[in-house]
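Topology and contacts: notes
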Amino acid sequence: NNRWVDVIGSDTFPYGDGRIINSYRTIQKAIDSITDATTSNPYIINIGIGTFTGDITIKDGISFFGLCKNILDTTINLTLIDGNLTQNTSTVSTCNFANISFDGSGDTISFIGGDSANTCNVYFANCKVFTTFSATNYCNIFLDDINYLHPTINPSISENSIVTFIRGSLIRGL
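Rules of the game
Residues numbered from 1 in each chain as written. Predicted model: local features only at pLDDT ≥ 70, side-chain atom pairs only at ≥ 80, totals over all residues. Heavy atoms only, no water. Buried < 20%, exposed > 50% of the residue type's maximum accessible area, 1.4 Å probe, protein only. Helix = DSSP H or I, 4+ residues; strand = E, 2+ residues; numbered from the N terminus. Pairing = 2+ DSSP bridges. Phe/Tyr/Trp six-rings, centres within 6.5 Å; stacked < 30°, edge-to-face > 60°. Contact = heavy atoms within 4.5 Å. Polar contact = N/O pair within 3.5 Å; in protein donor to acceptor, adjacent residues only side chain to side chain.

Most of strand β16 (residues 139-144) is tucked away, with six of its six residues classed as buried. Burial of the side chains of β16 extends over both faces: Cys-139, Ile-141 and Leu-143 are buried on one face and Asn-140, Phe-142 and Asp-144 on the other. Bridge count between strand β13 (residues 120-125) and β16: six bridges; the pairing is parallel. Among the inter-strand pairings, Tyr-123 is bridged to a residue of β16, identified as Phe-142.

Let us look at unusual backbone geometry. Unusually for a residue other than glycine, Asn-99 sits at a positive phi of about 60°. You can see Asn-99 is positioned in the loop between β10 (94-98) and β11 (101-102).

This brings us to the pairing of β10. When strand β5 (residues 62-65) meets β10, the two strands line up parallel, connected through four bridges. The residue bridging Phe-65 from the neighbouring strand is Ala-98, located in β10. The sheet contact formed by β10 and β13 spans five bridges and is parallel. Paired with Phe-97 across the bridge in β13 is Phe-124.

Moving on to the packing of aromatic side chains. In total, this model carries two aromatic pairs according to the counting rule given. Ring geometry for Phe-64 against Phe-97: centres 5.0 Å apart, planes inclined by 10°, an arrangement best described as stacked. With Phe-64 in strand β5 and Phe-97 in strand β10, this pair connects stretches of sequence that are 33 residues apart. With respect to burial, Phe-64 and Phe-97 carry one shared label: buried. Ring pairing ties together the aromatic residues Phe-64, Phe-97 and Phe-124, which thus form one cluster.

Here we take up the environment of Thr-38. Along the chain, Thr-38 turns up in the loop between α1 (27-32) and β2 (43-47). Among the residues examined, Thr-38 registers a relative accessible area of 32% and is labelled partly exposed. Expressed as a C-alpha distance, the spacing of Thr-38 and Lys-59, which sit 21 residues apart in the sequence, is 8.5 Å. Setting aside residues no more than four positions away along its own chain, Thr-38 makes contact with Asp-60 and Gly-61. A polar contact is formed between the side chain of Thr-38 and the side chain of Ser-40, at a distance of 3.1 Å. Within the local environment of Thr-38, its side chain forms a polar contact with the backbone nitrogen of Asn-41, the two atoms lying 2.9 Å apart.

In C-alpha cells, the structure reads:
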C-alpha cells in the first residue's frame, strides 16, 4: 500500500493517482486518497525531493518517508514540509515520519491524544524540526536521530505525554 508525492506531480486524475509514475502533487491529496489505512493495514506515502507547502492533517496507519542525500549520508534531508502538521484525535493512534525536514515561519507540529485508552503514538526518525512542536493528552513521541532546532521556542510536551529518545537526538529546551 503505497502512494507517491512529487513536486511535479498532479492532484488531478488521471495525471495524478498516487502511483510512482503518476504521483500526487500535495501530501494532503495522498492522505485524502487513502480510506482504509489502519495500524493493521498500513500505508506508506513516499515523498520526493523538494519543498511541499500546505497544511497536513494525518490519518492513522500512514507512514511518511522523505528522501535523504544518499543512503550513506542521512544528514541532509531533501524533503521539506512547510506547513502545519496536525492529527485528528479520534482517528490517529500511530504514524511514522522518516527523512523529512519540517520548516516554516509560524507553522506548528501538534499532536493531541485522547485519553489513556486512546493514546497517540508518533515516531520520528532522521527528521529535522525547525518549527513549533507540541504534544498533549496521552501522546507518546519516539525520537530516533532527531534534531529539534527552533531558535526561540522550546517544544511543549504536557498532560500525560511522553517523549522517548531512542538514539542520537538533539532537542533544544527539553
